Amino acid sequence: MIEKYKFTASSTAFHSFHLCCCVLMLVTLIPLPSSAEDIVRPERAAVDIAESHSGIVVSDTDIASQIGADILAQGGNAVDAAVAVAFALAVTWPEAGNISGGGFMMVAPPNEEVVCVEYRETAPACVDEHSFEKWQERHHAQMAGVPGTLRGLELAHKKYGSLPWDQLVKPSIRIAREGIVVDEYLAYSLNRVLTLSSIKNEKRFAEFRRLYGKANGELWQAGDLLKQPDLAITLEIIAEQGADAFYTGGIAKKIVAEMEEQGGLITAEDLKNYKANIRPAVSGQVNGYTLYGAYPPSSGGITVLLQMRMAEAVGLEMDPENYWNADQVHLLAEISKRAFRDRAAYLADPDFSSIPEFMFSNQYAQKQAEKISRNQATSSIEVAGEIPISNLPEESLETTHFSIIDRNGMAVSNTYTLEGTFGCRIAPKGTGFVLNNEMGDFNWIPGYTNQQGRIGTKPNLMNPGKRMLSSQSPMIVRKDGEVALIIGSPGGRTIINTVTQILVQTLLFDRPLVEAIDGPRFHHQWFPDEIKFESDDQEQLTRLTRSLIDRGHTISRPKGWLQGSAHGIEYDPLTRTAVGVADWRRGGKAVAVPQIVPLKEKAVTNDSQ
Ligand code: DON
């Protein structure tokens, strides 16, 4: 077990001595980067693949995927595993995994409706539409929304879980206390933030430094041990007392005390009033498949479905020679412009403004698709319609997605987030976790939408208790009533395009999921009016640029930019085989549950020996 979870292999004096010497040598030989820009991203790895008849978990970390697979092997269902993975990611991928952010969990129980367990953060009661009009700071206690994760996990577990709650939390208590072996992705993630001058120097980040900083201010290296004893205690309390400890108990007190000290907005009343919801899935047919996505306050479900319906309507065709070709990129960029414009115009918390019915309809998607020229880009200004666009400068992305299927075909697609990397980076003292900075997902300046991507449309303005609009797009796809695909990704607004492009490749072009996840991605979000390409595939851009510029597109390729980290599962109901694929972009692991031999069969085998 210890080996499997990659705890430090040994605590013997010899091993520690050896490790210390290596680290010392590295520190003396390699000059320490002084700023976040100098931290080198891990080399490109291959996608990670697993195949099974008994269940698969795909997440951002080896340990979290293994913990989820163990829960499935212990007889837990996909929701039990999802709860355990969510806790494990809070320990092993703390830039995004969390108990103090929010998200969306799509659940597809066999032969039942797919639902969305929605646990998006809310605005504290003291805000109004103008509260953040002049606000600039992204990493400040004021940026924290009222967290939803624990109420969400509690709700999912109460409705669908089969194993005791504490059994799902315990593996994470253990890894937090005993420590996890830092891999190259976690080292990169920690070092990027710890080398920021604000984090190094400002008093409000002292608790962050205490939690995540390495002794003597050294950089983290793959192979180091990260222990999180405060988080272990917090998780122990949650295992015993449930989510109430966080919303009304001792943990709530610590959160409120930090808010008071650091100028945050969340009160004890805000925490007490927080509720997660079960919402219907947004669903629709595309090419014989039924897609199920997250209901608002995520824009993900509606926008991905709108884009997929438009992609089907314009007749996107597979090109076996090219992944992607200029026609496909042109059409998908035109689709995104229109879909992201409608997202800004109509989508927000459904408890505060009603979503127009046409946004759910196939006819509307068809009509929008008819407006697209095959040869000429339409400018984003023209697509804006009645939304006034200002011409002033500006804007700023951490989220994590996991996919699970169990041996009975129950599927979970979960995306949750702290918003930015390590959220607002303010940790309530002694709790071992950082808070989200999700208030940044509201529209801050009423009426102010600009060409750099800031949006000021009315539906997503701030209000007390309101949920900020999200782009999280966990999806489940069924064919003939059976699960066919589970997918999602992090990446802010790029999530919608990452997920759409994987669905186009798999559902419209019939490409295997592994190719769809491995292949290059691009992004258009209405404003800025540009197609942004990943920087990894030089050849692809050279091939596409001339033709796209000729049609009126602007192209950008920011150095080092990679789009999302999509972890998915495809399922063949005929052979009951699931294939899990973890993206290469931020690391990730697909872990298969070993074939479970029924007891009877075992007995027969034993008898015959
Ligand atoms: O909910 C949202 O849309 C954003 N807060 C997600 C942020 C995100 O994906 C950042 N990850 N890379």
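Residues numbered from 1 in each chain as written. Predicted model: local features only at pLDDT ≥ 70, side-chain atom pairs only at ≥ 80, totals over all residues. Heavy atoms only, no water.

Visitor: Describe the packing of aromatic side chains, naming the residues involved and giving the relevant values.
Guide: How two aromatic rings sit relative to each other is given by the distance of their centres and the angle of their planes. The final tally for this structure, using the stated rule, is 17 aromatic pairs. Considering the side-chain rings of phenylalanine 208 and phenylalanine 422, the 5.3 Å spacing of their centres and the 85° angle between planes classify their relative orientation as edge-to-face. Assigned by exposure class, phenylalanine 208 and phenylalanine 422 land together as buried. Where tyrosine 212 meets phenylalanine 422, the ring centres are 5.2 Å apart and the plane angle is 55°; that geometry is what we call tilted. Note on tyrosine 212: relative accessible area 3%, which makes it buried. By way of ring pairs, the aromatic residues Phe246, Tyr247, Tyr274 and Phe433 are connected into one cluster. If you follow arginine 138 out to its NZ or CZ, it ends over the ring of tryptophan 444, 4.7 Å from the centre. When the ring centre of tyrosine 289 is taken as reference, the NZ or CZ atom of lysine 479 above it lies at 4.7 Å. (Phe/Tyr/Trp six-rings, centres within 6.5 Å; stacked < 30°, edge-to-face > 60°. Buried < 20%, exposed > 50% of the residue type's maximum accessible area, 1.4 Å probe, protein only. Lys NZ or Arg CZ within 6 Å of the ring centre and 35° of its normal.)

Visitor: Describe in detail helix 14 (residues 326–346), supporting the description with residues and values.
Guide: The end-to-end C-alpha distance of helix 14 is 30 Å, a good match for the 30 Å that 21 residues give at a rise of 1.5 Å each. Burial runs high along helix 14: 19 of the 21 residues are buried. If you check the start of helix 14, you find a side-chain oxygen 3.2 Å away from the backbone N of aspartate 327, and it comes from asparagine 325. (Helix = DSSP H or I, 4+ residues; strand = E, 2+ residues; numbered from the N terminus. Expected span 1.5 Å × (residues − 1). Polar contact = N/O pair within 3.5 Å; in protein donor to acceptor, adjacent residues only side chain to side chain.)

Visitor: Can you explain the pairing of strand 1 (residues 48–52)? Please cite residues and give values.
Guide: Of the two faces of strand 1, only the one carrying Asp48, Ala50 and Ser52 is buried; Ile49 and Glu51 on the other face are not. Sheet topology places strand 1 next to strand 20 (residues 577–582); five bridges connect them, and they run antiparallel. Bridge pairing links alanine 50 to glycine 580 in strand 20. (Pairing = 2+ DSSP bridges.)

Visitor: Outline the pattern of salt bridges, listing residues and values.
Guide: This structure, assessed with the given rule, holds 35 salt bridges. The partner of arginine 151 in a salt bridge is glutamate 154, with the nearest N and O atoms 3.0 Å apart. Taken together, the positions of arginine 151 and glutamate 154, both in helix 4 (residues 149–160) and three residues apart, correspond to about one turn of that helix. Of the residues examined, arginine 151 reaches a relative accessible area of 12% and is grouped as buried. Here lysine 158 makes a salt bridge to glutamate 154, at a shortest N to O gap of 3.8 Å. Of this pair, lysine 158 and glutamate 154 both sit in helix 4, four residues apart, roughly one helical turn. (Salt bridge = Lys/Arg side-chain N within 4 Å of Asp/Glu carboxyl O.)

Visitor: Summarise the nonpolar core; cite the residues concerned and give the values.
Guide: Membership of the largest hydrophobic core comes to 100 residues, with the highest contact counts inside it found for Phe87 and Ile404. With 13 residues, helix 3 (residues 78–92) is the single largest residue contributor to this core. Apart from residues lying up to four places away in sequence, phenylalanine 87 is in contact with Ile99, Leu150, Leu153, Trp165, Leu168, Val169, Ser172, Leu235 and Ile238. Counting 69 residues, the second largest nonpolar core, distinct from the first, contains Leu305, Ala345, Val499 and Leu544. (Core = buried A, V, L, I, M, F, W, Y, C linked by side-chain atoms within 4.5 Å. Contact = heavy atoms within 4.5 Å.)

Visitor: Provide a residue-level description of the packing of helix 13 (residues 300–313) against helix 14, including the pertinent values.
Guide: When two helices pack together, you describe them by how their axes are tilted relative to each other and by the distance separating the axes. For the pair helix 13 and helix 14, interaxial distance at closest approach is 10 Å and the crossing angle is 145°. For the element pair helix 13 and helix 14, the recorded crossing hand is right-handed. On helix 14, the residues touching Thr303, Leu306, Gln307, Met310 and Ala311 of helix 13 are Leu332, Ile335, Ser336, Arg338, Ala339, Phe340, Asp342 and Arg343. Within the contact of helix 13 with helix 14, the residues separate by chemical class into seven nonpolar, three polar and three charged. (Axes fitted to C-alpha atoms, helices over the stretch in contact; angles between N-to-C directions. Left-handed = near helix turned anticlockwise from the far one by under 90°. Nonpolar A, V, L, I, M, F, W, Y, C, P; charged D, E, K, R; others polar.)

Visitor: Residues and numbers for the sheet that holds strand 9 (residues 289–293), please.
Guide: If you walk across this open sheet you meet the seven strands as 1-20-19-15-14-9-8, and the pairing is antiparallel. Where the open sheet ends on each side, the last strands, each with one partner, are strand 1 and strand 8 (282–286). On average, adjacent strands in this sheet sit at an angle of 20° to one another, irrespective of strand direction. Of the strand pairs in this sheet, strand 19 (residues 568–572) and strand 20 are connected by five bridges, and their pairing is antiparallel. Its bridge partner lying in strand 20, glutamate 570 is registered against valine 579.

Visitor: Let's hear about unusual backbone geometry: which residues, and what values?
Guide: A cis amide bond links proline 296 to the next residue, proline 297, at an omega of 20°. Its place among the elements puts proline 297 in the loop between strand 9 and helix 13. The omega torsion across phenylalanine 527 and proline 528 is -5°, close enough to zero to call that bond cis. You can see proline 528 is positioned in the loop between strand 16 (522–523) and strand 17 (531–533). One non-glycine residue, asparagine 216, lies in the positive phi region at around 60°. For asparagine 216, the position within the fold is in the loop between helix 8 (206–212) and strand 6 (225–226). You will see that asparagine 287, though not glycine, has its phi angle at about 50°, which is positive. Inspection of the secondary structure puts asparagine 287 in the loop between strand 8 and strand 9. Accessibility expressed as a relative area gives 37% for asparagine 287, which makes it partly exposed.

Visitor: How would you sum up the sheet that holds strand 18 (residues 555–556)? Please name residues and give values.
Guide: Strand order in the open sheet made by the three strands is 16-17-18, with mixed pairing throughout. Edge positions in the open sheet fall to strand 16 and strand 18, since each of these has one partner strand only. Bridge count between strand 17 and strand 18: two bridges; the pairing is parallel. In the strand pairing of strand 18, isoleucine 531 is matched with isoleucine 555.

Visitor: Any details on the pairing of strand 9? Residues and values, ideally.
Guide: In terms of burial, strand 9 is largely enclosed, as five of its five residues are buried. Alternating residues of strand 9 divide into Tyr289, Leu291 and Gly293 and Thr290 and Tyr292, and every residue in both groups is buried. What sits between strand 8 and strand 9 in their antiparallel hairpin is a turn of two residues, with asparagine 287 showing a positive phi close to 50°.

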